[in-house]
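Structure assessment
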Amino acid sequence: MRAASLPGEVLGARDRDSDEELLSRARAGDPEAFRVIFDREAPGVRRFLGDLLRDDAGADEGTQETFVRAHRRLGTLEQTGKLQGWLFGIARMVFLEQIRRKRRESPMPEPAEDFSRTDCGPSPEAMLLSLESDRMLDGALADLDDERRSALLMRIDHGLGYGEIAEAMGWSLQKVKNEIHRARLQLRARLAGYLEEGAR
């Protein structure tokens with residue numbers, strides 16, 4: 001699925017040296033070094049925020065804010081190999097702030113679904129089923145507590161290890177395992193009826 005190494009995999013010595021050098025240069029104020037870090041890490045951060053927020057504009061804004069904060073706090077990153085988890089921890093805080101801000105503002109009505117463009121792809125029935133399953137999964141994820149959803153997405157969508165998630169979330173390793181297990185149980189329970197219906 002991904003050509004590059006999965007997040008959480010052990011990097012080769014050359015990659016570690018490269019990251020050490022990049023971070024050292026970025027900390028010294030080299031904008032090109034930070035640009036390389038941004039280019040490498042931003043797509044994963046953007047996808048993580050997109051999964052949490054379900055809002056492209058908010059995810060784009062959150063990604064920018066994450067890297068603005070990361071740039072200011074580069075000196076606080078102690079271990080180069082934990083860069084991705086550290087960035088996800090910052091992105092999680094940005095997400096929580098955006099959620100709090102949205103809850104304070106009055107909710108806007110959701111636009112109606114536009115099915116007018118489905119004629120050049122799969123059949124209307126297949127498209128409706130796909131949209132329905134996406135909505136079911138989105139609804140099941142939305143039912144999870146914000147923190148639990150963050151941890152689950154780091155694990156299943158971004159491949160972070162439990163240790164990296166613990167660091168990003170500020171939790172113990174045991175709490176990460178418990179929360180991800182509970183999140184999976186909640187999703188399974190919420191989707192069970194839908195899956196049984198589809199099997200008939």
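Moving on, we get to the packing of helix α2 (residues 31-53) against helix α4 (residues 83-104). Following both chains from N to C, one finds α2 and α4 inclined at 40 degrees, their axes separated by 10 Å at the closest point. It follows that α2 is oblique to α4 by the angle criterion. α4 is crossed by α2, and the crossing has right-handed handedness. When α2 is examined against α4, the residues Ile37, Glu41, Gly44, Val45, Phe48, Leu49, Leu52 and Leu53 are found in contact with a partner set consisting of Leu83, Gln84, Leu87, Phe88, Ala91, Arg92, Phe95, Gln98, Ile99 and Lys102. For the contact of α2 with α4, the class distribution of residues is twelve nonpolar, three polar and three charged.

Moving on, we get to the pattern of salt bridges. According to the stated counting rule, one finds 18 salt bridges in the structure shown. We note a salt bridge from aspartate 56 to arginine 46, for which the minimum N-O separation is 3.2 Å. On the criterion of sequence distance, the pair formed by aspartate 56 in helix α3 (residues 56-72) and arginine 46 in helix α2 is long-range, its members being ten residues apart. Owing to a relative accessible area of 55%, aspartate 56 belongs among the exposed residues under this scheme. Owing to a relative accessible area of 23%, arginine 46 belongs among the partly exposed residues under this scheme. For the salt bridge of arginine 101 with glutamate 61, the shortest nitrogen-to-oxygen distance reads 3.4 Å. Of this pair, arginine 101 sits in helix α4 while glutamate 61 sits in helix α3, and the two are 40 residues apart along the sequence. Residue classification places glutamate 61 among the partly exposed positions, given a relative accessible area of 46%. One salt-bridge network, in which partners are shared between bridges, spans Glu21, Arg25 and Asp30.

Cut-offs and rules
- Residues numbered from 1 in each chain as written.
- Predicted model: local features only at pLDDT ≥ 70, side-chain atom pairs only at ≥ 80, totals over all residues.
- Heavy atoms only, no water.
- Axes fitted to C-alpha atoms, helices over the stretch in contact; angles between N-to-C directions.
- Helix = DSSP H or I, 4+ residues; strand = E, 2+ residues; numbered from the N terminus.
- Parallel < 35°, antiparallel > 145°, perpendicular 65-115°, else oblique.
- Left-handed = near helix turned anticlockwise from the far one by under 90°.
- Contact = heavy atoms within 4.5 Å.
- Nonpolar A, V, L, I, M, F, W, Y, C, P; charged D, E, K, R; others polar.
- Salt bridge = Lys/Arg side-chain N within 4 Å of Asp/Glu carboxyl O.
- Buried < 20%, exposed > 50% of the residue type's maximum accessible area, 1.4 Å probe, protein only.

In short, shape yes, function no, at least from these values alone.
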